Amino acid sequence: MRISQGFKVESLLFVAFFATLPVYSPNMVMFHDAFPDAAEAFMAPFVNALLGTAAVVGVACAFFAARRGDDAFFGLPAVGAGAVCYLAGFVLFGLVLVVEGFGSAVVSAAAGLLAAVGTVVLCIAWGTCLAQYDLRQALANLALMIGMASVVELLLAAVSAPVGMAVFAFLLVLGVALPVWKAARGELSCLCDAAASDGEMQAFKAAVRGGARAVDDAAADDGSLARRLRAPWSGGVRAAVFAPGDAGEGAPAPARAFFSTVRRMASVLAVPFLGLMVFGYIMGVRKFLVFDVFYMEVLGGIAAAVLMVPLCLLKTTRPLLSVIYQAVLPCFALMLVVLNSFPVGGGPQWLAATASYVFYGAIAILALASLCAMAHAGEFSPASIYGLAVAAFSVVSLAGIFSGSLPAFADYGGGPILLVVSTCYFAILIGATLVAAWRREGAELEGRTGSGAKDAADGLQERCERVADDGGLSPREREILGYLGRGHGIVFVANTLVISESTVRTHVKSIYRKLGVSSREDLLQLIDG
């Protein structure tokens, strides 16, 4: 699949949104530099209220989506209200900084609260827009757009305060324009529903709103609905709402659904998500100013975006995320560990400090692309994915800001403690690679079972399509059947499609049932026959 396939020029407006996103600390530096006296008094109430409120609202959105679905987040009332709150929060904060005597801690906190509500709603809307891309497309496009946003931040730091504020205001309007326009046209809901076919998602959502009895009644009235309830998105949410044995089993169904969603999301993207959290924490602790002109995280974002492009073009028979997180990033981490072992103040340590920002910039881009790929796969609702992501990022950013004020960080510039945090993440990254290698060996042994498990270049796809047509498989089941026919195991399929292993097993059981087979050997014989 070409990287450029399906690319929408309108997505470039994400550059404007990312360049103004307040939970990303470099975007707020301009206010501090332009109005140092007022920012010294009012920046803290604004940021604290912003991050605290974003954490609460993000969790609330995810909980609501787990209970009632996320249709409410895609209409014009919700997105329009989010855009108004977003713009009003920045306008109010700008007045606090500019108008003498207007500002107070209460007004500044109110501005942060408004901006936080708008941030969560718009992140969900923008994430839904970007969910049209698969992993490679999301990685390429986000690298391009985040790199451009970092260049914009660099330019804003170089111009005068009036010009910078005027440009920032223009970017604010551009950043909210596309989600509002798509919500007004009803396109956000269509983008979300594209994860399922033939009305599968809508049928499931209607059944979920009626409860478990409605699901059972609908399945009894329509046998095809019982099959469609195994669609990619609905399979994950239905298991979250109704399956026994999930986390929080003793809690009411909405809480059980929420805990199950969090658990399943963690099983899919634990390492990328953890990297995003470490990135948010380190960005909140301290700022590294280069030549008294620009901040290192901005330059790191540009360099990371450039480094991501070759990875998008990497040809591999293994899942792209597995290659990146089990080969490329561990090597990068080992290099940083070696450089950090040199004496403080030397050239290697300075290089390590610089490369660390590039490393975490790459980690952030990969994590955001992974979230888009997760939304693209359709197993989880966009409100759950992006609501929880914004909430968690806000919490760790707030923790980073608080840590930066502690004596242990202030006395040594935070260097030694940040080195410990980074080294712990490096150890987790390398450890996860070793565990994945062990699991992959077991999966490969499983995949070699049966005579038809090896790749057959000629005619394999045609045979899989024929079997899928005969069995009436859904689009996602057809996709999984192709991987099974080539001898791949559950872990490989889950990593490739960015869905949980339990969902893959659910689809495999459905494939077995529809095709009338009971084992991998029978399935492979059916395909080869």
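Residues numbered from 1 in each chain as written. Predicted model: local features only at pLDDT ≥ 70, side-chain atom pairs only at ≥ 80, totals over all residues. Heavy atoms only, no water.

## Details of a nonpolar patch on the surface
A surface patch of nonpolar side chains, about 410 Å² in accessible area, is lined by Val91, Leu95, Val98, Val99 and Phe102. One can find phenylalanine 102 in the loop between α4 (76–98) and α5 (105–130). With a relative accessible area of 37%, phenylalanine 102 lands in the partly exposed category. (Patch = residues over 30% accessible without salt bridge, like charges linked within 9 Å, V, L, I, M, F, W, Y side chains within 5 Å. Areas by Shrake-Rupley, 256 points an atom, 1.4 Å probe, with all protein chains shown as cover. Salt bridge = Lys/Arg side-chain N within 4 Å of Asp/Glu carboxyl O. Helix = DSSP H or I, 4+ residues; strand = E, 2+ residues; numbered from the N terminus. Buried < 20%, exposed > 50% of the residue type's maximum accessible area, 1.4 Å probe, protein only.)

## Examining the confidence of the model for the protein chain
Here the protein chain shows a mean pLDDT of 78. Residues at 70 or above account for 78%. For the protein chain, per-element mean pLDDT is lowest for helix α11 (residues 223–228), which scores 36, and highest for α5, which scores 94. Scored below 50 in pLDDT, residues 195–251 shows 93 contacts in the model against residues more than four places distant or in partner chains. Low pLDDT, under 50, characterises residues 447–457; the predicted model gives this stretch 20 contacts beyond four residues in sequence or across chains. (pLDDT = per-residue confidence, 0-100. Contact = heavy atoms within 4.5 Å.)

## Observations regarding the environment of valine 56
As for its position among the elements, valine 56 is in helix α3 (residues 36–68). Given the relative accessible area of 57%, valine 56 is considered exposed. Between the alpha carbons of valine 56 and valine 390 there is a distance of 9.7 Å; along the sequence they are 334 residues apart.

## A word on the environment of methionine 28
Mapped onto the secondary structure, methionine 28 falls in helix α2 (residues 26–34). Distance from methionine 28 to valine 47, taken between C-alpha atoms, is 9.0 Å for residues 19 residues apart in sequence. With near-sequence residues (within four places) excluded, methionine 28 lies in contact with Pro22, Met43, Phe46, Phe90 and Phe93.

## Quick word on the pattern of salt bridges
One pass over the structure, following the stated rule, counts eight salt bridges. In this structure, glutamate 187 engages arginine 185 in a salt bridge whose closest nitrogen and oxygen atoms are separated by 2.5 Å. When the shortest N-O distance is used, the salt bridge between glutamate 479 and arginine 476 registers 3.1 Å. Taken together, the positions of glutamate 479 and arginine 476, both in helix α21 (residues 475–485) and three residues apart, correspond to about one turn of that helix. Overlapping salt bridges bring together Lys182, Arg185 and Glu187 as one network.

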